[in-house]
Amino acid sequence: MVFILKFLARAIPAASLLLVATTAAGAEVKADTQSDIKSGDAANSQHQAEAGSNAVLPETRVSAGRSQAVQGYNAITSTGPSRTETPVMELAQSVRVISRECLDDTRALRLADTVDYVSGIARLNDFGTTWDNFAIRGFSNTDQGMLINGFRGGRGYNVTRDAATVERFEFLKGPAAAVYGASEPGGIINIVTKKPKFTQANSLDVNIGSYGLRRAALDTTGPINEQLAYRLNVVAEDSAMRSSLFEGDRQTVAPALTWVISDKTVLNYEAEFTRVSTPLDRGLIQINGNPRALPRSRVLGEPNDGNVELTSQAHQLTLEHEFTSQWRARAGLNFKKGTFEGDNTELATFTPPVVNRRQMWRSLPMRDTSFQAELEGKLQTGSIGHTVLLGVEASRLWMAQEITRSNPATTPYPLNIYNPVYGQAKPTSQDWWYDVDEQQKNNAVYLQDQMSLSPQWKLLAGVRFDNYHQSYVDHLNAGQTSQQRQTATSPRIGLTYLPTDWASVYVSYSKGFRPNSGGSVTGGAFDPQESRASEIGLKLQTQDQRLGANFAVFDITKRNVLVGDLANAGFQVAAGEATSKGFEADVYGKLDQHWRLTANFAYTDAEVSKDSNANMVGARLANIPKTSAGLLAIREDILPNGSRYGIGTGIVYVGKRSGNAADTYELPAYTTVKLLSYWQVSPKARFSLDVSNLFDQRYITSTWNNYVMPGLGRSVLASLHLQF
């Protein structure tokens, strides 16, 4: 907390200066003209109407359906942080929303294309480009850190998230355990998918780019009858690959239906089926501390292995009912399953010029089922208004790891990394390395009260009680089989003060947990990881709500981190601790009728504070830069013939990072520049041309032990968006 107070003393003067600038700019902005759409569709912004963009606001056809108000890049309300529709200015939490308009402006194809424009997000090991893995405020969001419409969406093994089916990405900073249960303390990402509409709309996006990218995406929605609407998103892609020796493709089909049973009741069904074929590309290696020693297109695996095949299917069914204007109920069921199977070749030794490799095979299936039910109501006690939320949740997760690998000592599989020769005879025998099953069963109840003490003071208090059972079966080593039954209590409290209608100050404190997998040398289960976090923040917003800003100072501690058991080699103990302290700043929105921007800066001091190995204490957490920043700025205007055009840039800076957990080598800082341009040929046709990594910088996005993953070189993307 001392750290937070020191940082706040520095942050408030800077924030005040920014407020003056943003308010002055906002005073020049005229409010967008909005038109009502038959059947209650939310109106598009003026930019969307004039530019013919396919970015539209969520539908608000009936009162039982909740929506989020968005002004361009600036989210006015959000349901993610509190599970209730709450003005962002009143939330005692840092929230950054990447809207559909921002996704369209940047031509984002994946979740990974958005994270550079959010403060405090770092790229981590992405398992050979096969899954999403990002650190929020220094802590990985893999496994427990992803939601899809408020349901768990990232547990187990999942494909990378495509942006074609997404309405917005909500980055919810800080512990989310009080409403969502087990999670990392840095934050969580909520993916809000596109919903059916009762106004017919169809669009087609075609993308052609460098490194073999070819992609087409269809989005169609409309009424089936007066009570039933549909939406269908279809994506087919030949993916961009860093080497011509690789190739990959993916397909997604996402149907959705909305049934308006009455003006008080709505039933929604959504599904998503995805297949990905891609090489399991571990990347390059650092050599004598130099992560850029090899060309970024060099392949250290075996191209003849072929691709790993990933499949994912998800189903969501939700029912919302409004009893009165003050009380509503919601129930939902979520089911997800996935597979991951295929061969790849990985390094067994890392000493150049000739390294030894091993052949591997993996199968990583998973199933995840969860149920939620909640009751939300508004009531008054004297002068205090309450928005209360009572919810229950039950979930069941099963996942397995089946991995075999060859023995490089008995069946050598060498490669000269400076002069590689591929196609040599593969090892014919492989031994079992992993054969484990893990099951997690969880039941929870959560209670939350958002109190309006006065027009200026808002108090949020919530708590969640989790009871979970975890079993871990190692079929190769009976001594590693373990079970545990644990309970966890996750409270949070936040206070917000709104001195004016354009500013708010908040302070919050919360606790969280996350189960540890596996078992100790005795076969006993590990205690869960526990975290605590405190945060102080300042939010600003111009009176027309076009431009917003968020400044936050945070202090996080995570305990019971798994570290090596010094007395028993090859085993672990839950004795580690990690801390993360820092400052974040985000500014986003529309400066005037021509300029849109989003800018961010983060200082993150994340390190090991306790470890069984004393030499590790003080080591920086791998892949986490102390400083990072991003800027996206777009200027839009009208050509003499009346058509519109836009031109802009995206600049990303990532500071130096530790290359591995032992902090024995470092990744250099880098800056990339992206040029964006588009021409609105007609109200229904838009052509875009973008250049990424304009100056062809050689940089490393992330590492895993001695492996380093290079970023792509200069690339061009041509896109055509059609509405019909």
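Further up the page is the structure itself.
Residues numbered from 1 in each chain as written. Predicted model: local features only at pLDDT ≥ 70, side-chain atom pairs only at ≥ 80, totals over all residues. Heavy atoms only, no water.

**A word on the sheet that holds strand 18 (residues 284–285)**
1) Next: With respect to topology, 3 strands assemble into an open sheet ordered 18-40-39, the strand pairing being antiparallel. Edge strands, defined here as strands with exactly one partner in the open sheet, are strand 18 and strand 39 (700–704).
2) Next: Summarising the sheet, strand 18 and strand 40 (residues 707–710) pair through 2 bridges and their orientation is antiparallel. For Ile-285, the partnering residue across the bridge sits in strand 40 and is Tyr-707. (Pairing = 2+ DSSP bridges. Helix = DSSP H or I, 4+ residues; strand = E, 2+ residues; numbered from the N terminus.)

**Quick word on the nonpolar core**
1) Next: Grouped together as the largest cluster of nonpolar side chains are 30 residues, with contacts concentrated most on Ile-98, Leu-111, Ile-121, Phe-169, Phe-171 and Leu-632.
2) Next: For this core, the elements supplying multiple residues, two or more each, are helix 3 (100–106), strand 7 (134–136), strand 9 (146–148), strand 11 (166–173), strand 12 (187–193), strand 33 (627–638), strand 34 (644–654) and strand 37 (670–682).
3) Next: Ignoring sequence-local partners within four residues, the contact set of Leu-111 consists of Asp-132, Phe-134, Met-146, Arg-161, Phe-169, Phe-171 and Ile-189.
4) Next: Core analysis: the next-biggest nonpolar cluster, separate from the first, contains 14 residues, Ile-285, Leu-347, Tyr-665 and Ile-700 among them. (Core = buried A, V, L, I, M, F, W, Y, C linked by side-chain atoms within 4.5 Å. Buried < 20%, exposed > 50% of the residue type's maximum accessible area, 1.4 Å probe, protein only. Contact = heavy atoms within 4.5 Å.)

**Description of the pattern of salt bridges**
1) Next: Per the stated rule, a full pass over the model turns up 43 salt bridges.
2) Next: With a shortest N-O distance of 2.7 Å, Asp-690 and Arg-107 are connected by a salt bridge. You can see Asp-690 sitting in strand 38 (residues 685–692) and its partner Arg-107 sitting in the loop between helix 3 and strand 6 (121–123), a full 583 residues away along the chain. Here Asp-690 matches Arg-107 in class, with each residue buried.
3) Next: Put simply, Glu-101, Asp-105, Arg-596, Glu-636, Arg-644 and Arg-686 are held in one network by salt bridges that share partners. (Salt bridge = Lys/Arg side-chain N within 4 Å of Asp/Glu carboxyl O.)

**As for the sheet that holds strand 6**
1) Next: The sheet built from 3 strands is open, its strands ordered 6-7-8 with antiparallel pairing. With partners counted over all chains shown, the strands left at the sheet margins are strand 6 and strand 8 (139–140), one partner each.
2) Next: In this sheet, strand 8 lies alongside strand 7 in antiparallel orientation, the contact comprising 2 bridges. From the neighbouring strand, Ile-136 faces strand 8, where its bridge partner is Phe-139.

**Quick look at the packing of aromatic side chains**
1) Next: One pass over the structure, following the stated rule, counts 10 aromatic pairs.
2) Next: When the ring of Trp-433 is compared with that of Tyr-434, the centres are 4.9 Å apart and the planes differ by 70°; the resulting orientation is edge-to-face.
3) Next: The class for Trp-433 is partly exposed, based on a relative accessible area of 35%.
4) Next: Geometrically, the ring pair formed by Tyr-670 and Tyr-699 is stacked, given 4.4 Å between the ring centres and 25° between the ring planes. One end of the pair, Tyr-670, is in strand 37; the other, Tyr-699, is in the loop between strand 38 and strand 39, and 29 residues separate them in sequence.
5) Next: The exposure class of Tyr-670 is buried, given its relative accessible area of 7%.
6) Next: On the basis of relative accessibility, which here comes to 16%, the residue Tyr-699 falls in the buried class.
7) Next: The cationic tip of Arg-282 hangs over the ring face of Trp-704; the distance from NZ or CZ to the ring centre is 4.1 Å.
8) Next: A cation over a ring is seen here: Arg-357 above Tyr-413, with NZ or CZ 4.3 Å from the ring centre. (Phe/Tyr/Trp six-rings, centres within 6.5 Å; stacked < 30°, edge-to-face > 60°. Lys NZ or Arg CZ within 6 Å of the ring centre and 35° of its normal.)

**Structural notes on the pairing of strand 29 (residues 529–541)**
1) Next: The buried count for strand 29 comes to 11 of 13 residues, which makes it a mostly enclosed element.
2) Next: Where strand 28 (residues 503–514) and strand 29 come together, 12 bridges link them in antiparallel fashion. Within strand 29, the position partnered with Val-505 by the bridge is Leu-538.
3) Next: Pairing geometry for strand 29 and strand 30 (residues 547–564), over 12 bridges, is antiparallel. Its bridge partner lying in strand 30, Leu-538 is registered against Phe-551.
4) Next: From the end of strand 29 to the start of strand 30, which pair antiparallel, there are 5 residues, and Gln-545 there has a positive phi angle of about 65°.

**Concerning the environment of Gln-401**
1) Next: With respect to the helices, strands and loops of the structure, Gln-401 is situated in strand 23 (residues 384–405).
2) Next: A relative accessible area of 24% means that Gln-401 is categorised as partly exposed.
3) Next: Put simply, Gln-401 and Ser-363 are 38 residues apart on the chain and 6.2 Å apart in space, counted from C-alpha to C-alpha.
4) Next: Excluding its chain neighbours within four sequence positions, the residues that come into contact with Gln-401 are Tyr-157, Ser-363, Leu-364, Tyr-434, Asp-435 and Val-436.

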